[in-house]
Amino acid sequence: MEISIKYYVVELILRVFCGVIFMFQGYDKVFKVKIRGVIETFRYEAQQKNIPSFLLTFSAYYTSYVEFFGGILLILGLFKNYALTFLGLDMIMVAIAFSYLKPMWDMRFVFPRLILIAILLILPTRWAYFSLDNLLRILLAK
């Protein structure tokens, strides 16, 4: 069965859009605000809720680097399912952290990212035609 080009384009647009969002979010945390700044942003609230500092530090590093590198991998279409899995775990960590720190938190920035991850994980792999994963698949099949 032949697939219409529009399916390839839809997958490309969703994947690159999601990747750009995560990459720039991670870029900001890693290179502009810096990890220490991310930790300091949440330190007071975390101390008030008795969250161990190692957990806050781990979360800051994990979310920052996974968002940055996961976003780059999505843009390139390289190791897409791994990137989406780690970004999904990132979203779970963010939801747990924010819900614990402030139960009535604003989900308007997190929920759309979660939906994009879910959609991209559900789409058939063969739709990722414009990706490095597909190029590698073609090269390794020869």
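Since we're looking at a predicted model, the values are computed, not measured.

1. Topic: the pattern of salt bridges
Side chains carrying opposite charge are able to pair once their charged atoms draw close together.
Right, so step 1: Evaluated as defined, the whole model comprises five salt bridges.
Right, so step 2: We note a salt bridge from glutamate 11 to arginine 15, for which the minimum N-O separation is 2.9 Å. Note that glutamate 11 and arginine 15 are positioned in helix α1 (residues 5–32) at a spacing of four residues, about one turn of the helix.
Right, so step 3: Classification of arginine 15 by relative accessible area gives buried; the value is 0%.
Right, so step 4: Of the charged contacts in the structure, one is a salt bridge between lysine 29 and glutamate 67, with a shortest N-O distance of 3.0 Å.

2. Describing a nonpolar patch on the surface
Right, so step 1: On the surface, a cluster of nonpolar side chains totalling about 550 Å² of accessible area is made up of Leu76, Leu132, Leu135, Leu136, Leu139 and Leu140.
Right, so step 2: With five residues, helix α6 (residues 132–141) is the single largest residue contributor to the nonpolar patch.
Right, so step 3: In this fold, leucine 132 is placed in helix α6.
Right, so step 4: Residue classification places leucine 132 among the partly exposed positions, given a relative accessible area of 32%.

3. So, the packing of aromatic side chains
Right, so step 1: One pass over the full model with this rule turns up 13 aromatic pairs.
Right, so step 2: Summarising the aromatic geometry, the rings of phenylalanine 68 and phenylalanine 69 are spaced 5.0 Å apart at their centres and angled 70° between planes, so their arrangement reads as edge-to-face.
Right, so step 3: Look at phenylalanine 69 and you get partly exposed, because its relative accessible area is 46%.
Right, so step 4: Centre to centre, the rings of tyrosine 129 and phenylalanine 130 are 5.2 Å apart; their planes meet at 85°, and the pair counts as edge-to-face.
Right, so step 5: Exposure remark for tyrosine 129: the relative accessible area of 40% places this residue in the partly exposed category.
Right, so step 6: Residue class for phenylalanine 130 comes out partly exposed when judged on its relative accessible area of 36%.
Right, so step 7: Linked through ring pairs, Tyr27, Phe31, Tyr61, Tyr65, Phe68 and Phe69 together constitute an aromatic cluster.
Right, so step 8: The side chain of lysine 49 reaches across the aromatic face of tyrosine 100, ending 5.7 Å from its centre.

Cut-offs applied
As a convention, each chain's residues are numbered from 1 in the sequence order in which they are written. The predicted nature of this model means local features are confined to residues of pLDDT at least 70 and side-chain atom pairs, given and counted, to a pLDDT of 80 or more, with totals for whole chains, interfaces and linings taken over all residues. The basis for every side-chain value is the complete set of non-hydrogen atoms in the structure, without hydrogens or water. What makes a salt bridge here is a side-chain nitrogen of Lys or Arg within 4 Å of a carboxyl oxygen of Asp or Glu, nothing more. A run of H or I in DSSP counts as a helix once it spans at least four residues, and a run of E counts as a strand once it spans at least two, with each numbered from the N terminus. Three exposure classes are used, based on accessible area relative to the maximum for each residue type with a 1.4 Å probe and protein chains only: buried under 20%, partly exposed in between, and exposed over 50%. Residues forming no salt bridge and having over 30% relative accessible area are the ones grouped into patches, like charges within 9 Å of each other and nonpolar side chains (Val, Leu, Ile, Met, Phe, Trp, Tyr) within 5 Å. The Shrake-Rupley method, run with a 1.4 Å probe, gives the accessible areas here. Residue values count only the displayed protein chains as cover. Aromatic rings from Phe, Tyr and Trp, with only the six-membered ring used for Trp, were paired whenever their centres fell within 6.5 Å, and each pair was classed as stacked if the ring planes differed by under 30 degrees, edge-to-face if by over 60, and tilted otherwise. Two limits define a charge over a ring: the Lys NZ or Arg CZ must be within 6 Å of the ring centre, and within 35 degrees of the ring normal.

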